[in-house]
Amino acid sequence: MSARILSGKEIAKKIREELKDEIADLKSQGITPGLATILVGEDPASQVYVGAKTKTCHDLGIFSDQHTLPADTSEGKLLSLIDELNNNPKIDGILTQLPLPKQINETKVLDAISPEKDVDGFHPINVGRFFTVKDFEEMVEKKLFLPCTPHGMIEIIKRSDIQMNGKEAVVLGRSNIVGKPIAMLLLANNATVTICHSRTKDLASVCKRADILIAAIGKPKFVTADMVKEGACVIDVGVNRTEQGLVGDVDFEKVVDIAGSITPVPGGVGPMTITMLMVNVVKSAKKRI
Ligand code: GUN
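Residues numbered from 1 in each chain as written. Predicted model: local features only at pLDDT ≥ 70, side-chain atom pairs only at ≥ 80, totals over all residues. Heavy atoms only, no water.

1. A look at the overall build of the protein chain
If you tally the helices and strands in the protein chain, you get eleven helices and eleven strands. Computed over the C-alpha atoms, the radius of gyration of the protein chain is 19 Å, within 12% of the 19 Å expected from 2.2 N^0.38 for a compact globule of 289 residues. Projected onto its principal axes, the C-alpha positions of the protein chain cover 50 × 40 × 35 Å. When the 289 residues of the protein chain are sorted by exposure, 52% land in the buried category. Sequence-distant contacts in the protein chain: of pairs separated by 6 or more residues, those separated by 24 or more amount to 72%. A total accessible area of about 13,600 Å² is found for the protein chain, and carbon and sulfur atoms account for 53% of it. For the protein chain, the separation between the mean place of its 36 positive charges and that of its 37 negative charges on side chains is 1 Å. (Helix = DSSP H or I, 4+ residues; strand = E, 2+ residues; numbered from the N terminus. Rg over C-alpha atoms; globule rule 2.2 N^0.38 Å. Buried < 20%, exposed > 50% of the residue type's maximum accessible area, 1.4 Å probe, protein only. Contact = heavy atoms within 4.5 Å. Areas by Shrake-Rupley, 256 points an atom, 1.4 Å probe, with all protein chains shown as cover. Lys, Arg positive; Asp, Glu negative; His and termini not counted. Charge placed at Lys NZ, Arg CZ, Asp CG, Glu CD.)

2. Description of helix α3 (residues 75-86)
Taking 1.5 Å per residue as the helical rise, α3 with its twelve residues ought to reach 16 Å, and the 16 Å between its terminal C-alpha atoms agrees with that figure. Buried residues in α3 make contact with β2 (34-40), β3 (63-69), β4 (93-96) and α4 (106-112). (Expected span 1.5 Å × (residues − 1).)

3. Description of the site of the ligand
Inspection of the region around the ligand gives L95, T96, Q97, L98, D120 and F122 as its neighbouring residues. Between Q97 and the ligand, the recorded distance is 3.2 Å, taken from a side-chain N or O atom to a nitrogen atom. The separation between a nitrogen atom of the ligand and a polar main-chain atom of L98 is 3.0 Å. Expressed as a share of its isolated accessible area of 280 Å², the protein-covered part of the ligand is 81%. (Near = heavy atom within 4 Å. Polar contact = N/O pair within 3.5 Å; in protein donor to acceptor, adjacent residues only side chain to side chain.)

4. Considerations on helix α7 (residues 148-159)
Spanning twelve residues, α7 covers 16 Å between terminal C-alpha atoms, matching the ideal 16 Å at 1.5 Å per step. Here α7 lies mainly inside the structure; ten of its twelve residues are buried. Residues C148, T149, P150, H151, G152, M153, I154, E155, I156 and I157 constitute the buried set of α7. Of the surrounding elements, those touching the buried residues of α7 are α1 (8-28), α6 (136-141), α8 (179-188), β7 (212-215), β8 (233-236) and α11 (270-286). Once α7 ends, the next one or two residues include D161, with phi positive near 60 degrees.

5. As for the sheet that holds strand β1 (residues 4-5)
The strand order β1-β11-β8-β7-β5-β6 describes an open sheet built from six strands, whose pairing is parallel. Two strands in the sheet have a free side with no partner beyond their single neighbour: β1 and β6 (192-196). When β8 meets strand β11 (residues 261-262), the two strands line up parallel, connected through two bridges. Each residue of the ladder has a partner; that of V234, found in β11, is I262. Its contacts with the sheet place α8 against β5 (168-172), β6 and β7, and it is angled at close to 170 degrees to β5. (Pairing = 2+ DSSP bridges. Axes fitted to C-alpha atoms, helices over the stretch in contact; angles between N-to-C directions.)

6. Digging into the sheet that holds β2
Spatial strand order, β3-β2-β4: three strands in an open sheet with parallel pairing. Two strands lie at the open edges of the sheet, namely β3 and β4, each paired on one side alone. Pairs of neighbouring strands in the sheet enclose a mean axial angle of 15 degrees, with direction left out of account. With seven bridges joining them, β2 and β3 adopt parallel strand pairing. Paired with I38 across the bridge in β3 is H67. Here helix α2 (residues 44-60) sits on the sheet in contact with β2, β3 and β4, set at roughly 165 degrees to β2.

Quick look at the structure:
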């Protein structure tokens with residue numbers, strides 16, 4: 001049987017409609033949410049991502065302040081721009097696109113963004129808050145900036161009525177942007193979570209235990225049908241540019257016959273990331289009231 005396709009594209013569209021109402025409400029109170037993006041250098045993928053963020057701001061009526069800096073920008077110059085944006089009352093969120101050129105210390109830059117404007121959720125204070133709450137309800141109640149890609153994945157799961165409570169979840173990948181935070185979000189939703197990585201022994205059998213399998217390792221078609229439990233929910237975060245075009249971390253054509261539900265690439269997790277960024281910008285703007 002073929003799995004249910006979880007369209008992130010459709011869910012993202014729905015959330016954006018909800019956001020438009022919230023933005024109209026803020027504007028009626030004299031508040032226009034504002035996002036500053038900073039792109040250093042000319043990495044083509046980063047240019048595409050930042051361009052898409054700016055376009056989404058325009059579509060939703062969010063003020064967008066895009067800063068494009070040359071690849072040889074000094075760390076000091078970038079830090080002083082961040083300081084300026086931290087103090088600009090029109091700006092509710094600041095996003096520095098990663099990766100940064102070699103001469104710039106990424107940690108120093110992420111630490112310099114005010115935790116109140118850290119819409120990526122990467123500042124150590126926000127990471128600390130995120131790791132120390134009791135459960136997902138408390139994350140919502142405390143209006144935390146949840147990291148965008150993992151938050152998007154959780155929204156796909158929740159809005160598709162897939163249960164996490166007591167389920168076995170396996171995360172493939174341990175990056176700071178996806179692997180670690182999605183594990184924490186699944187845990188906050190009462191899943192039993194295992195994080196796998198390059199040194200994990202007998203990876204296939206660990207993956208096969210999963211009711212919810214998250215593929216975030218950046219290797220095209222790495223997850224094959226024999227690694228997937230029948231009826232599992234498979235969330236594919238992979239964005240691999242290959243000769244056959246954009247390919248996920250999951251061998252979709254084969255796994256679709258085993259899984260109960262699966263996100264496609266493209267049209268799955270991808271469209272959710274920018275949408276959840278906009279959710280964080282609006283959340284930040286509401287704090288002005
Ligand atoms: N580069 C790749 N993903 C991300 C992200 O989520 N945020 C930022 N700032 N840079 C990225």
